[in-house]
Amino acid sequence: MSEETTLENLDQALKADTPSQATDDVVETTPSTPAEPQIDAQGRSYATGKRKNAIARVWIKPGAGRITVNGKGEETYFARPVLRMILRQPLVAAGRPESYDVVATVSGGGLSGQAGAVRHGISKALTYYEPELRGVLKSGGFLTRDSRVVERKKFGRAKARRSFQFSKR
């Protein structure tokens, strides 16, 4: 008889801990809720962008669409039209090509890497200023840091992978 009472007690304990009661206590959060904008006292958003060996510090604020890089206009600093197009890609994808002024300081790397770093920084700063733009910029691939860098030179090699010329004699 004692076995039956213990089984009944177990059955009652299991019925008391039903999953329906456990789910009532769980509060569901929606991941689609955008985060709060990160805007400083001057009304700007800041982000750091990186590409190859270039690092860009980028500030955006509402304005006429001017882009300044290291104190110079974008036409002066990035003379090639392809590099200027790279800079404007996140703004065009977000539908705000003339809505924000961009001030960037960039160091390291070459011009192509610097343009990619500024583009990455602009994209991140846009998501901080307007969090609802994150989906558009993420699907465009602007928020992903391009991690490709130059491979290092190995000892016993002429370059990273090239061997020295073989001499038979």
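All of these numbers come straight from a predicted model, not from anything done at the bench.

Rules used throughout
Residues numbered from 1 in each chain as written. Predicted model: local features only at pLDDT ≥ 70, side-chain atom pairs only at ≥ 80, totals over all residues. Heavy atoms only, no water. Phe/Tyr/Trp six-rings, centres within 6.5 Å; stacked < 30°, edge-to-face > 60°. Helix = DSSP H or I, 4+ residues; strand = E, 2+ residues; numbered from the N terminus. Buried < 20%, exposed > 50% of the residue type's maximum accessible area, 1.4 Å probe, protein only. Core = buried A, V, L, I, M, F, W, Y, C linked by side-chain atoms within 4.5 Å. Contact = heavy atoms within 4.5 Å. Salt bridge = Lys/Arg side-chain N within 4 Å of Asp/Glu carboxyl O. Expected span 1.5 Å × (residues − 1). Pairing = 2+ DSSP bridges. Axes fitted to C-alpha atoms, helices over the stretch in contact; angles between N-to-C directions.

S.K.: Which parts of the structure should I look at to understand the packing of aromatic side chains?
M.R.: Any aromatic ring pair is given by two values, namely how distant the centres are and how the planes are angled relative to each other. Within this structure, the stated rule accounts for three aromatic pairs. Taking the centre distance of 5.0 Å and the plane angle of 80° together, the rings of Y77 and F78 count as edge-to-face. On the numbers, 5.3 Å between centres and 75° between planes, the contact of Y100 with Y129 is edge-to-face. You can see Y100 sitting in strand 5 (residues 100-107) and its partner Y129 sitting in helix 5 (residues 111-129), a full 29 residues away along the chain. Each of the two residues, Y100 as well as Y129, counts as buried.

S.K.: Help me understand the nonpolar core in this model?
M.R.: General note: in soluble globular proteins, nonpolar side chains tend to be found buried as a group. Within the largest apolar cluster, 29 residues are counted, with the highest numbers of intra-cluster contacts made by V58, I60, F78, V118, I122, L126 and L137. If one sorts the elements of this core by residue count, helix 5 sits on top with seven residues. The residues contacting L126, other than those within four sequence positions of it, are I60, P90, L91, A94, Y100, L133 and L137.

S.K.: Looking at this structure, I do not really get the pattern of salt bridges. What am I missing?
M.R.: Any two side chains of opposite charge can pair, so long as their charged atoms come close to each other. Applying the stated criterion across every chain, the model contains eight salt bridges. Linking R161 and E151 is a salt bridge whose minimum nitrogen-to-oxygen distance equals 3.0 Å. One end of the pair, R161, is in the segment after helix 6 (134-140); the other, E151, is in the segment after helix 6, with 10 residues separating them in the sequence.

S.K.: Would you mind showing me how to read helix 5 here?
M.R.: Turn by turn, an α-helix covers 3.6 residues, leaving residues three or four places apart pointing in a common direction. End to end, helix 5 covers 26 Å across 19 residues, agreeing with the expected 27 Å (1.5 Å per residue, within 8%). Within helix 5, 14 of the 19 residues are buried, leaving the element largely enclosed by the surrounding structure.

S.K.: Looking at this structure, I do not really get the environment of K72. What am I missing?
M.R.: Counting through the fold element by element, K72 comes out in strand 4 (residues 72-73). When its relative accessible area of 43% is taken as the criterion, K72 is described as partly exposed. Residues K72 and V103 lie 31 residues apart in sequence; the distance between their C-alpha atoms is 9.5 Å. In this view, K72 contacts I67 and Y77; residues no more than four positions away in its chain are not counted.

S.K.: Where do I start with unusual backbone geometry in this structure?
M.R.: For residues besides glycine, phi is generally negative; the peptide bonds are generally trans as well. Not every positive phi belongs to a glycine, and K52 is a case in point at roughly 55°. Within the secondary structure, K52 is located in the loop between strand 1 (45-51) and strand 2 (54-62). What makes K52 partly exposed here is its relative accessible area of 41%.

S.K.: Any chance you could explain helix 4 (residues 81-93) here in plain terms?
M.R.: With 13 residues, helix 4 ought to run about 18 Å at 1.5 Å a step, and its terminal C-alpha atoms sit 18 Å apart, in line with that. The inward-facing, buried residues of helix 4 contact strand 3 (67-69), helix 3 (74-77), strand 5, helix 5 and helix 6. Downstream of helix 4 by one or two residues, G95 has phi in the positive range, about 75°.

S.K.: Can you walk me through the pairing of strand 2 in this structure?
M.R.: Residues in a regular strand project their side chains so that they alternate between the two faces of the sheet. Relative to strand 2, strand 1 runs antiparallel, the two sharing seven bridges. Considered in strand 2, the bridge of S45 is made with I60. Counting the residues in the hairpin turn of strand 1 and strand 2 gives two residues, including K52, whose phi is positive at 55°. Relative to strand 5, strand 2 is paired through eight bridges, and the arrangement is antiparallel.

S.K.: Any chance you could explain the sheet that holds strand 3 here in plain terms?
M.R.: Hydrogen bonding along the main chain pairs the strands of a sheet, whether they run parallel or antiparallel. Read across the sheet, five strands follow the order 1-2-5-3-4 without closing on themselves; strand pairing throughout is mixed. Two strands lie at the open edges of the sheet, namely strand 1 and strand 4, each paired on one side alone. Sheet strands in contact with helix 5 are strand 1, strand 2 and strand 5, and its direction is about 145° off that of strand 1.

As far as function goes, none of this settles anything; it's purely spatial.
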